[in-house]
Structure formats: C-alpha cells, structure tokens
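What follows is the residue order along each chain.
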Protein chains: 2
Amino acid sequence: MTNSRATSGTLGADLHLELRGKGLRTGLMDALREAVRGGRLVPGTRLPSSRSLAADLGIARNTVADAYAELVAEGWLTAQQGSGTRVARRAAPRRPAAGASTAGARPVRGRPTYSLMAGTPDLAAFPRAQWLGAARRALAAAPHEAFGYGEPRGRVELRTVLADYLARTRGVYADPERIVICSGFVHGLMLMGKALRARRVREVAVESYGLDVHRTLLAEAGLRTPAVPLDDHGTRTGTLDGLKGVGAVLMTPAHQFPTGVALHPDRRAAAVDWARGTGGVILEDDYDGEFRYDRRPVGALQGLDPERVVYLGTSSKSLAPGLRLAWMVLPEHLVGEVLEAKGRVDWVSSALDQLTLAEFIASGAYDRHVRSMRLRYRRRRDHLVRQLAERAPDIRVSGIAAGLHAILELPPGTEQSVVRAAAWRGLAVEGVTRFRHPDAPAGGDASVVGDALVVGYATPPDSAWAGALDALCEALP
Amino acid sequence: MTNSRATSGTLGADLHLELRGKGLRTGLMDALREAVRGGRLVPGTRLPSSRSLAADLGIARNTVADAYAELVAEGWLTAQQGSGTRVARRAAPRRPAAGASTAGARPVRGRPTYSLMAGTPDLAAFPRAQWLGAARRALAAAPHEAFGYGEPRGRVELRTVLADYLARTRGVYADPERIVICSGFVHGLMLMGKALRARRVREVAVESYGLDVHRTLLAEAGLRTPAVPLDDHGTRTGTLDGLKGVGAVLMTPAHQFPTGVALHPDRRAAAVDWARGTGGVILEDDYDGEFRYDRRPVGALQGLDPERVVYLGTSSKSLAPGLRLAWMVLPEHLVGEVLEAKGRVDWVSSALDQLTLAEFIASGAYDRHVRSMRLRYRRRRDHLVRQLAERAPDIRVSGIAAGLHAILELPPGTEQSVVRAAAWRGLAVEGVTRFRHPDAPAGGDASVVGDALVVGYATPPDSAWAGALDALCEALP
C-alpha cells in the first residue's frame, strides 16, 4: 500500500504539506492530522475545496475528497452545506511528543555491571531450542478450541502432566481437577488472598523473613499478616496456636526464603496439627523445591494433608520468570472459591504456553533441564563456598545446600556497608535485613539471622560469574 | 530412575506392599504413603525394623532405612530413640480421589452441535505455521533478560511495533511509552477501573447495550455503571453532560457491541467535548476495528484527543483469545497510575508471546492474516444476508457491515422462542436482550433495539458454517 511518489503543495495561505512514503490519500490524511495537531491549522479554518487542493498538490480530486470524508468521519473536520469543510473545534493541538515519550517513564538508574540479586535463575540457560521444539509439537497437536477462551482452571493437558510430575518429584497428592494454573506465584497468592478473604479470614501469618511484595499482596486483599518467628529449625510453627484469628499461614518449608533453612519434621507436624485443629490453611510456597544438592529433595508438605495444604509451584526458578506460568494444587474445599476468584474464563494465561509447557514436561525435557540446572547451580554454590573459604575465611555460609541463593553471615553492623561496597564495585546484591518482617520478634530471630548477605548465585550468566564473585569477595570485610 | 523389577511382601501383621515400575526406594515410599493414606497403616502403628522389612521384601536394608528416613523428613513417620519407627499421628487417611476429582467441577451440559455465539473469531483459521515461524525468530533474537521479570508496561519490542501499526491502521496517536500490554481487554478494563477509582472516580458510564462482564468488573473496582442510551447514530454522547458524577465512559465507537451501529461524527465530537469540559476519560473499546466490509475502517476516536481517550485494542478477535494479548494506549496523565495498578513487574504476560506477536506484526504476517480474515468474514456475512433474504425474507439484518457479528431483527416478543428453537436444533445463539443494561431507558433504545438475535458468523469453522446457517434459518419465525 505504500507509494514512494512524493508530492507537496501549499494549502490555503501558507500551509505546506509533504506527502511521501504512503498512499496519497493516507499521506494527505496524516499531513492534515499533523497540521491540526501541530496547530498550523487552527480550529474553524476553512479548507480549500477538494478541486483546488487537488490541483495544488497535483493529485486526483477524488483522493482529496476521500481524505476529507475520512477526516470528517473521524471527527477532525466538519462539512456543513454551504460553509464547506472546516477544521473541527475540538481537534486541538496535542502536546509535543517529546513530553509524551517521557510519560510515566521510570527513573533511569545506572545499571550495575554484575548482579547477585536472589530470585532469578540463570536466564542465559533457558533451553530455547527445546522450548521451540515443544511449541512446534504443541501447535501441531492443539485442538482448535485451544485458541478460544479457556476455562479458569487452565488447560487440562498441562494439569494432567503436572499432576504426574508433582507426585513423582515432590510427593504432592495432585489430582488434575484440584490444579489451577496461574501466571506466577504472585497471581496464585492474589487468588488465595481473595478466596480466604471471601471466607472471612482476616489474618494470614507469614514467616518473619520473606518477600515484602507477598505481604503487600495479602494486605491489598484486606488481610493482616502477622509474623511467625523462625530459628535454625525453620519457622516455629508451634507458635501458630498462640496467634488467635489467623486463618492461614504462608510458608517456604523446603527452603525458607531467604534464611535458607529447611523445616524440621517436628515443625512440619506442628503446622499440620495447627491446620487440622483450627481449620486453618497452609500455603506452601515450593519456589525452588527441585534444587537440593546435599540430598534428595524432601517431599512437599502438601502430601501430608492435601485437604489442609495449598501447594504453590512455579516455572520461574526452574525455567524462566518470563514464561509467567505457575500452578496451585488446592484442597477440594477451596477449588470452587479459587475458581470464583479467578473469573469465568481464564483471562490470564496463554493457552499456547500452557500446551507448550505440558509438551515440554511430557517429553522429559523439563526433567533434563532441571537436572542440568541442578548440576550447574550446585557447581556455582560449591565454587562460591570454596572461594569464600579462601578469600574471606571469616564469612560463614549458612542455610542448606539448596536452591538458587546462599546466606553469607556478616559481622554485626556491617551489612549495609558491605552492600554499599558491593554497589561501589558495580555489584547488585541485597542484605537479609531487607526481607525482615516489620514486626518480626527481634529476640528469637536475631539469634539465627544477624547481619547477612543474600547471594543469588544462579543469577549471573557463566560469562559474568567470575567477575561477580570477585566483586563480592572484594566487598566483604 | 525407573526400575521394572517388581517385588512384594507382607508388612507386620497383614500389610501387603506392591513395589513396581519405580526405583525400589521410591516405590516403597509410595507404597507406605498409600498404606497410610488408605488407612491400612493407622497412626501410631510401629513399623518393622528396616532389617526385617528388607528381608521380607528381599531388598537391601539401606533402601528401607532410606525410605524410612525420607518419610520421617516429610512427616509421615516418626523415629524416637527406643520406640522405633511409627506412623505419625497426623498422617490421616485422605478422602477417596473419586470425590476429589469432582471437586469444584462445573456443571456438565450437553454441548450444542453448532455455535453462532458472538465474540470469538474462527479458531480453525489461526495461522499456526506463521505463528510458529514468528516464535522461532523471536526466540532466536530474544536477549537473555527477556526471560526474566519484565517491566509492567510490557516488552518494548511489542510496544514499538504496535505504536506504528495502530497509527497506520487505526489513526491512533501511539507513543510506545504510552502503551501498556495487558492480557486481554478484561485485564485492561480492570487496570483502568483501579486507576480511576484511585482518582476518586465513582461512576463509569457504559452503553445501554454491552457485556455484563464489563459492568461487573467495574463494579468490583467499586464503580457505579450508569447507562448511556443509544439510537441508530450510536451512543447518545450528548446525554453525558446530564450524568453528573460520571468520570469516564466506556464505548465501542467503531462498531457498537452488540447493536452494530457506528458512532456518528457528531456523537464523536460530543464525546470529546464532554471529556474536555468535565475532565472525563473515554475508554474506547476497539475490539474489532480492523474488520469493516463496506468501506475503509473509520479511524479510532483516540486520535482526536490522545489526552482524553484511552484506546483499548486486542488480538482476541483478530487472532485468537487463547493468546491473551491486548494493549492500551494511555493519556500521558494516566500512564503512571495504570502502571501503579499493574504492579512492580509484569506478572501477567508471557515475554515470549509478546516478542512473538511483535515479530508477527513486524514481518507483515499480522496484516496478511487480518486481510484474509476480513475477506473470509465478509463472505460469511454476505452469505448470511443472501440466505436470510431467500429463506427468511421478513428478517432484517441491521448494523453496519463490519466485525464478527450481525443483528437479526425479530418480530416483537419472539426472541426467547427463537433462541429456544435454535437450541432445540443444536444451535447456540443469543438474543440481544441478554446484553441490555439493567436500567437501560426503555424509550430511546426500544425504538432501535427490539427483539433481535446477535449472530456471531465468525465463530463456526468452515466445515460447520452451512449446518449452523440451516439450523438458524429453521429456528427463525
């Protein structure tokens, strides 16, 4: 439809129009819109007749008449009998695009050279070819209806494959009918917040160290989030009985985030006892359960009591956050309410991505990827520990050998200065204090979690690992 | 890890364990979990020593000790000095999976043979090969960071391509910085609802015919949704001045849904005048603006005043609802608030899908697809009109020749019976009454919209078109 012929002419008194690189009609329309927007054609201005402008521009009269008609239909121009074609009153000049293009722009910050921020897998390791292969097979096999509006649970193909995978690898009791696909843990937590609030739950306990965004989401759902203290056996679930009015608790049993401890069997037991005794619900955030290096991963808490535990898993750590695919395994009594909260149709998750992930898992590519990432992250962690032993022997690495991050214990009072020293060396890394619950009981926790760094050793690509490690070691006291 | 060797034995008094098709340790763990869940191993039961069970099963003692240890870690068993290994108290039998698998299941209805329900494109026409090609190129070109947590606006690659496409095809003034990607119109409307409510807006006017789900979403955001009457020139935007306290209006100017009329230029003018005079916002739902058959599509209202109109577009009609990709073009003054409502990161839309759509549009595949679908739907509509003229000459088809649906005007009082007659013939189709705003002014509208059918002629695949049409004609009076 483009037309490289260029033409130009003077409209009325002194209006110069440039028509180029487009169909003449489109070009003329754009030129007139611009002239109005730019204020060169003020509202009320009478435009020349289509005949004279056509002659002026050396184009067909119909082209001009056409363009005028379009702009009248769009509301830029008005055409009254007798008074000819005029610029409509309301077509006022817009602000300069310069201003617009900075609209709502976020503050531009100098990006650090290296990042050891926790929470992201090695993005350079995303299995692009295998994912594309799965997408090809999924696209070929997809029924037509898959491209339509989906059911709120998510695609049954994915739920079926997940039920098997989660039972096999995480000891989850997972019936496809109890699985709900969501666009990440955050989405799942939002849905749980809505469902629990609809049940008149007022408080959801959280661990005394965790992500503030989780607390914020629950708060936005109208829920208070009291803290449960933790020690080196994990969250002190025995204290839940003391928290009257708490209807649910959000926990990371396999690998507490960020402190890195695993929940002791007795604490698992106490959590389930609390849930049964009070009718409470346990939200099990199994964000990195597939990554354990010292032993086989401990099965999910959910297997112990599928009616009291909501299992939340995600592909954000095992594959990539950019996929926006996660899953919940729900107690039977919560399925209806969560679907209610999710909506009449699945308005969130792409059907093609769900089918691709189902194919990716069914083909064994997911297991292979997790296995190779486990090896890679384990090497990273071992290397980190060795390097620290050599170059910063006073620093103790705490937490179990698992997941995508490690805790580096620091001398009291040094956390902030170390973070700043790292930033100075172009390394982005966070202190553990940032994850502390505002009203976390100082006593019990301080003994476990003093000043420390949360080091996301999975984050940098291989090419940046050595540099990031150097910057880290230099920043340490 | 699987191991086809099968073995079995009797545990304690009479417990029979079957180990097959898995590693022995895993198999034994599963068998023990099942025995506990099934109630054959009651809480408190003391398990045989690892030595005797190993002998009994004819497997290595370490395997049994291993399995016991795992189950203790998971909380199924307890191991006290002296009292040996016992089934934990809390490991209670679960309900039968049969019950679980019907959990929250939606009512099973007999699916109709044909559907002429409006709102869905021809899903059989999804360009699978071209989409896969775009995905391949997008995956190859994607920077590593694309697989991470994205910015709330959505991928800049997609926003840049969209800005050009929307300016070119819809006359939208679109700066990439003002575009926010969302997972469908519904998501965009939710975000707008939150942003407007945060601005203390209490009422968002809607057209007197439209989708109830849109009204519901606005209501959930705490907004009242008074109705604006419409006639055969479209929504009577002149009446907006009479609606005090209305801070925004949701409209379908290009092709009113469901009545199918186009907004008259004077009405466009009046809408913009109202917005400017009151500081109100126009939400332009351009759901099918690319599909017009009688003339070139009229440009979007947004072009008239980018600071007062929010443009909402989607791929759900042009490509497929299953993609969950849509876009908003925002006034500069709303960008910050909408991003605020969307969250710190893009927790919704898959980065790969966004990059694939960007590539799909940039390569021209999107234009080609829209062009071929325009031709296909136009043929469908013409065929529908011809068939009705022959077989149901009393039925008038109203609304402009555009979009994916037509309005069939029915004799007064016959709508429900026709819908039932259609259902009787296995045809799902809806009457226009279902889309009527609860407090729509009867007078003005009744004159335009009496009893009528909303016929989604794009919905059936070619193979089902003739059959659907027959069922429709037979159901008509």
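Residues numbered from 1 in each chain as written. Chains lettered and ligands numbered in written order. Predicted model: local features only at pLDDT ≥ 70, side-chain atom pairs only at ≥ 80, totals over all residues. Heavy atoms only, no water.

Visitor: A description of the overall build of chain A should follow, citing residues and the corresponding values.
Guide: The helix and strand tally for chain A stands at 15 helices and 19 strands. Residues counted as buried form 59% of the 477 residues belonging to chain A. Surface summary for chain A: the accessible area is close to 18300 Å², and the carbon and sulfur share equals 53%. (Helix = DSSP H or I, 4+ residues; strand = E, 2+ residues; numbered from the N terminus. Buried < 20%, exposed > 50% of the residue type's maximum accessible area, 1.4 Å probe, protein only. Areas by Shrake-Rupley, 256 points an atom, 1.4 Å probe, with all protein chains shown as cover.)

Visitor: Explain empty space enclosed by the protein to me, using residue names and the numbers behind them.
Guide: As enumerated under the stated definition, the model contains nine cavities of 30 Å³ or more in all. If you add up the space inside the largest cavity, you get close to 160 Å³. For the largest cavity, the lining is made up of 15 residues, of which Ala135(A), Asp353(A), Trp131(B), Ala135(B) and Asp353(B) are closest to its centre. When residues of the lining of the largest cavity are traced back to their parent elements, those giving at least two are helix H5 (128-141) and helix H11 (351-362) of chain A together with helix H5 (128-141) and helix H11 (351-362) of chain B. (1 Å grid on protein atoms, 1.4 Å probe; cavity = no way out; pocket = protein on both sides within 12 Å on 5 of 7 lines; lining within 4 Å. Points joined across faces, edges and corners; volume = space filled by probe spheres on them.)

Visitor: So, the sheet that holds strand E14 (residues 326-329) of chain A: which residues are in play, and what are the values?
Guide: Residue and element names in this part refer to chain A. If you walk across this open sheet you meet the seven strands as E6-E14-E13-E12-E11-E7-E8, and the pairing is mixed. Sheet topology places strand E6 (179-182) and strand E8 (227-228) at the edges, where each strand pairs with a single neighbour. Where helix H6 (residues 156-170) meets the sheet, its contacts fall on E6, strand E13 (309-314) and E14, and the angle it forms with E6 comes to roughly 105°. (Pairing = 2+ DSSP bridges. Contact = heavy atoms within 4.5 Å. Axes fitted to C-alpha atoms, helices over the stretch in contact; angles between N-to-C directions.)

Visitor: So what's going on with the interface of chain A and chain B? Residues and values would help.
Guide: Listed by partner, the interface residues are 92 residues for chain A and 92 residues for chain B. Between chain A and chain B we count six salt bridges in total. Put simply, Glu70(B) and Arg296(A) hold a salt bridge, and the shortest N to O gap is 3.2 Å. Our count for the contact surface shared by chain A and chain B stands at 32 residue pairs in polar contact (both at pLDDT 80 or more). Per element, the largest residue contribution to the side of chain A that touches chain B is seven residues, and it comes from H5(A). (Salt bridge = Lys/Arg side-chain N within 4 Å of Asp/Glu carboxyl O. Polar contact = N/O pair within 3.5 Å; in protein donor to acceptor, adjacent residues only side chain to side chain.)

Visitor: Would you mind going over the environment of His333(B) in detail, with residue names and values included?
Guide: All names here are of chain B. With respect to the helices, strands and loops of the structure, histidine 333 is situated in helix H10 (residues 332-342). For histidine 333, a relative accessible area of 24% translates into the label partly exposed. Sequence separation of histidine 333 and leucine 24 is 309 residues, and the distance between their C-alpha atoms is 64 Å. Setting aside chain neighbours within four positions, we find histidine 333 in contact with Arg199, Glu307 and Arg308.

Visitor: Please set out helix H3 (residues 61-74) of chain B residue by residue, giving values where relevant.
Guide: With 14 residues, H3(B) extends 20 Å from end C-alpha to end C-alpha; this agrees with the ideal 20 Å at 1.5 Å per step. Along H3(B), the positions that sit buried rather than exposed are Thr63(B), Val64(B), Ala67(B), Tyr68(B), Glu70(B), Leu71(B), Val72(B), Ala73(B) and Glu74(B). Of the surrounding elements, those touching the buried residues of H3(B) are helix H9 (265-278) of chain A together with helix H1 (24-37), helix H2 (50-57), strand E3 (77-80) and strand E4 (84-87) of chain B. Two residues or fewer past H3(B), Gly75(B) is found with a positive phi of approximately 100°. (Expected span 1.5 Å × (residues − 1).)

Visitor: So what about the packing of H6(A) against helix H12 (residues 365-391) of chain A? Which residues, and what values?
Guide: All names here are of chain A. Where H6 meets H12, the closest approach of the two axes is 12 Å, and the angle between their N-to-C directions is 35°. Judged by the twist between their axes, the crossing of H6 over H12 is right-handed. Contacts between H6 and H12 involve Tyr165, Arg168 and Thr169 from the former and Tyr366, Asp367 and Val370 from the latter. Its residues assigned to classes, the contact of H6 with H12 comprises three nonpolar, one polar and two charged. (Left-handed = near helix turned anticlockwise from the far one by under 90°. Nonpolar A, V, L, I, M, F, W, Y, C, P; charged D, E, K, R; others polar.)

Visitor: Before we move on, can you summarise the packing of aromatic side chains with the specific residues and values?
Guide: Following the criterion strictly, the structure yields 16 aromatic pairs over all chains and no others. Note on Phe291(A) and Tyr377(A): the rings are 5.4 Å apart at their centroids and 70° apart in plane angle, and the pair reads as edge-to-face. With Phe291(A) in the loop between strand E12 (281-285) and E13 and Tyr377(A) in helix H12, this residue pair connects regions lying 86 residues apart in the sequence. According to the relative accessible area criterion, Phe291(A) is buried, its value standing at 1%. Overall, the relative accessible area of 1% leaves Tyr377(A) in the buried class. Here Phe126(B) and Trp131(B) contribute two aromatic rings whose centre-to-centre distance is 5.9 Å and whose plane-to-plane angle is 55°, an arrangement assigned as tilted. (Phe/Tyr/Trp six-rings, centres within 6.5 Å; stacked < 30°, edge-to-face > 60°.)

Visitor: An account of unusual backbone geometry is requested, with residue identities and associated values reported.
Guide: Residues and elements named next belong to chain A. Going from phenylalanine 257 to proline 258, the amide bond is cis rather than trans, its omega being 0°. Along the chain, the position of proline 258 falls in the loop between strand E11 (246-251) and H9. At arginine 200, a residue that is not glycine, the phi angle is positive and equals roughly 70°. Within the element layout of this structure, arginine 200 appears in the loop between helix H7 (185-198) and strand E7 (203-207).

Visitor: Run through the environment of Val261(B), naming residues and quoting values.
Guide: Residues and elements named next belong to chain B. Within the secondary structure layout, valine 261 lies in the loop between strand E11 (246-251) and helix H9 (265-278). For valine 261, a relative accessible area of 12% corresponds to the buried category. Sequence separation of valine 261 and glutamine 416 is 155 residues, and the distance between their C-alpha atoms is 23 Å.

Visitor: Lay out the side chain of Arg159(B) with the relevant residues and their values.
Guide: All names here are of chain B. Note that arginine 159 resides in helix H6 (residues 156-170). Relative accessible area serves as the criterion here: at 1%, arginine 159 is assigned to the buried category. At 2.9 Å, the side chain of arginine 159 and the backbone oxygen of proline 176 are in polar contact. If near-sequence neighbours (up to four positions away) are discounted, arginine 159 is found in contact with Glu151, Arg153, Gly154, Pro176, Glu177, Ile179 and Ile181.

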